[in-house]
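Working through the structure, step by step
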Amino acid sequence: MSMNSTPNANRSHIGFFGSTNAGKSSLVNAVTNQPLSLVSPVSGTTTDPVHKAMELLPFGPVVIIDTPGFDDCSILGELRMKKTKEIIAKCDLAVLVSSAKDGLSDTDTTLLELFRNRGIPFVICYNKADEADRKIPLEENAVYTSATENTGIEELKNLMAKVLSKNASPEKPIISDLVCENDLVILVVPIDSSAPKGRIILPQQQVIRDGLDVGAEIMVVKETSLAHTLETIGRVPKLVITDSQVFGKVMKIVPREIPLTSFSILMARYKGFLDEAVKGAKMLEKLSDGSKILISEGCSHHRQCEDIGTVKLPGWIKNYCKKDVEFVFTQGTDFPEDLSGFDVVIHCGGCMLTEREVIRRRKQAEYQGVPFTNYGTTIAHINGILERSIEML
């Protein structure tokens with residue numbers, strides 16, 4: 001990922017929903033001004049969600065998502081509807097595409113109920129206005145469009161930007177409230193078989209950018225050279241931030257008087273659940289033989305022999321707890337609706353998920369009485385460094 005592009009997880013997500021052949025794909029193509037989705041008179045042409053990053057002026061960076069029709073009653077359609085519900089959960093704005101001729105259908109009403117129940121802001125787009133003999137009176141958050149005649153598109157984009165701006169969360173810092181201009185921040189980034197070739201991962205990029213925005217001096221080192229760096233730089237760092245998987249090594253190198261935390265703990269703070277994550281990590285003390293742990297990864301990557309989520313973290317937990325616990329692993333959009341059988345959920349930092357999706361997963365665990373934490377907080381607790389790692393936060 002380019003350092004100068006906005007990560008998709010930090011973009012507002014806009015989903016287009018509606019009945020089969022309501023004109024969603026044609027409308028998405030018109031909004032994005034490019035043939036993003038396949039368009040056909042045959043119902044059900046869109047079979048899987050299609051994503052496109054773009055700039056929605058004057059609001060800013062967004063991701064547009066075209067979804068399958070929500071009224072497909074086939075067995076395959078049920079799977080598509082399940083996928084559509086997953087998309088709804090992570091959207092910051094839903095666009096309901098309905099018929100300007102017929103008005104809201106039963107499917108439309110069902111979708112509106114889903115939006116309201118999940119607290120998703122929405123707008124209603126009465127499409128195919130060119131085919132309507134008479135127009136339905138518009139609600140405040142509604143607009144007429146015709147994708148085929150390219151009319152009402154700017155009005156729709158302006159309405160989307162308006163609703164997003166009204167509901168946008170305030171910009172939150174990662175480290176820019178912890179450090180000042182000319183402060184030295186050392187980032188410890190291990191390069192092993194699981195590190196992405198030729199790049200650094202998203203949380204590391206975000207920390208670098210946030211620190212540079214306030215004029216901090218950022219130094220990136222591997223854990224193998226950290227001791228030498230601290231001995232030779234001739235100044236005391238304001239903060240050391242490490243990748244969680246080398247927490248054990250780094251804590252022995254960094255003097256106690258220097259604040260130390262991890263990227264994953266910073267992401268928990270950034271995503272708004274650090275206090276909850278700390279409580280969840282301490283649940284390791286209550287595990288017993290047969291306890292069940294869900295380890296969930298937000299992105300879908302090829303897992304390797306040294307994968308932190310499926311190999312390293314389970315090993316550290318078993319060694320710490322001295323219990324015969326069971327692990328279940330999920331990744332990407334795969335997250336169980338029923339969490340009642342788990343004793344704790346340990347999630348990744350969530351850097352590839354929208355804030356709304358992270359909140360949904362947390363709330364889902366909370367409603368079902370299951371503690372929720374993340375990788376870095378858990379690893380800090382295992383290493384006996386949790387309290388130190390949150391002192392400055």
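Further up the page is the structure itself.
Residues numbered from 1 in each chain as written. Predicted model: local features only at pLDDT ≥ 70, side-chain atom pairs only at ≥ 80, totals over all residues. Heavy atoms only, no water.

Further remarks concern the packing of aromatic side chains. Inspection of every chain in the model, using the stated rule, returns five aromatic pairs. Centre to centre, the rings of Phe115 and Phe122 are 6.0 Å apart; their planes meet at 35 degrees, and the pair counts as tilted. Residue classification places Phe115 among the buried positions, given a relative accessible area of 0%. Judged by relative accessible area, Phe122 falls into the buried class, the value being 16%. Between Phe327 and Phe329, the aromatic rings sit 6.3 Å apart at their centres with planes inclined by 15 degrees, giving stacked as the arrangement. According to the relative accessible area criterion, Phe327 is buried, its value standing at 16%. Note that Lys172 overlies the ring of Tyr270, its terminal NZ or CZ placed 5.6 Å from the centroid. Taking NZ or CZ as reference, Lys292 lies 5.2 Å from the ring centre of Phe342, over its face. (Phe/Tyr/Trp six-rings, centres within 6.5 Å; stacked < 30°, edge-to-face > 60°. Buried < 20%, exposed > 50% of the residue type's maximum accessible area, 1.4 Å probe, protein only. Lys NZ or Arg CZ within 6 Å of the ring centre and 35° of its normal.)

Further remarks concern the environment of Leu353. Residue placement: Leu353 occurs in the loop between strand 13 (344–347) and helix 11 (355–367). Relative accessible area serves as the criterion here: at 8%, Leu353 is assigned to the buried category. The spacing of Leu353 and Lys90 is 263 residues in sequence and 8.0 Å in space, taken between C-alpha atoms. With residues up to four places along the chain from it excluded, the contact list for Leu353 reads Ala9, Lys271, Gly298, His347, Val358 and Arg361. (Helix = DSSP H or I, 4+ residues; strand = E, 2+ residues; numbered from the N terminus. Contact = heavy atoms within 4.5 Å.)

Moving on: the sheet that holds strand 11 (residues 292–297). Strand order in the open sheet formed by four strands is 12-11-13-14, with parallel pairing between adjacent strands. This sheet does not close on itself; its edge strands, each paired only once, are strand 12 (326–331) and strand 14 (372–374). Shown here is a sheet whose adjacent strand axes are inclined to one another by a mean of 25 degrees, direction ignored. Pairing of strand 13 with strand 14 involves three bridges; the strand directions are parallel. Within strand 14, the position partnered with Ile346 by the bridge is Thr373. (Pairing = 2+ DSSP bridges. Axes fitted to C-alpha atoms, helices over the stretch in contact; angles between N-to-C directions.)

Here we take up the nonpolar core. Counting residues in each nonpolar core, the largest one holds 48 residues, and the members touching the most others are Leu226, Val254, Ile293, Ile317, Leu339 and Ile346. In contact with Leu226, other than residues within four places in its own chain, are Ile186, Val188, Val221, Val250, Ile253 and Val254. Judged by nonpolar contacts, the second largest core, of 25 residues, contains Val28, Met54, Ile64 and Leu164. (Core = buried A, V, L, I, M, F, W, Y, C linked by side-chain atoms within 4.5 Å.)

Ordered in space as 8-7-9-10, the four strands form an open sheet in which the pairing is parallel. The sheet is open, and its two edges are formed by strand 8 (217–221) and strand 10 (260–262), each paired on a single side. Neighbour-to-neighbour, the strand axes of the sheet open up by a mean angle of 25 degrees, direction not taken into account. The sheet contact formed by strand 7 (residues 184–188) and strand 8 spans five bridges and is parallel.

This brings us to empty space enclosed by the protein. Summed over all chains, the structure comprises two cavities of 30 Å³ or more. Quantified by volume, the largest cavity comes out at close to 70 Å³. Taken together, Glu86, Ile87, Lys90, Gly332, Thr333, Leu353, Glu357, Arg360 and Arg361 make up the full set of residues lining the largest cavity. Among the elements of the structure, helix 2 (75–90) and helix 11 are those that each provide at least two residues to the lining of the largest cavity. (1 Å grid on protein atoms, 1.4 Å probe; cavity = no way out; pocket = protein on both sides within 12 Å on 5 of 7 lines; lining within 4 Å. Points joined across faces, edges and corners; volume = space filled by probe spheres on them.)

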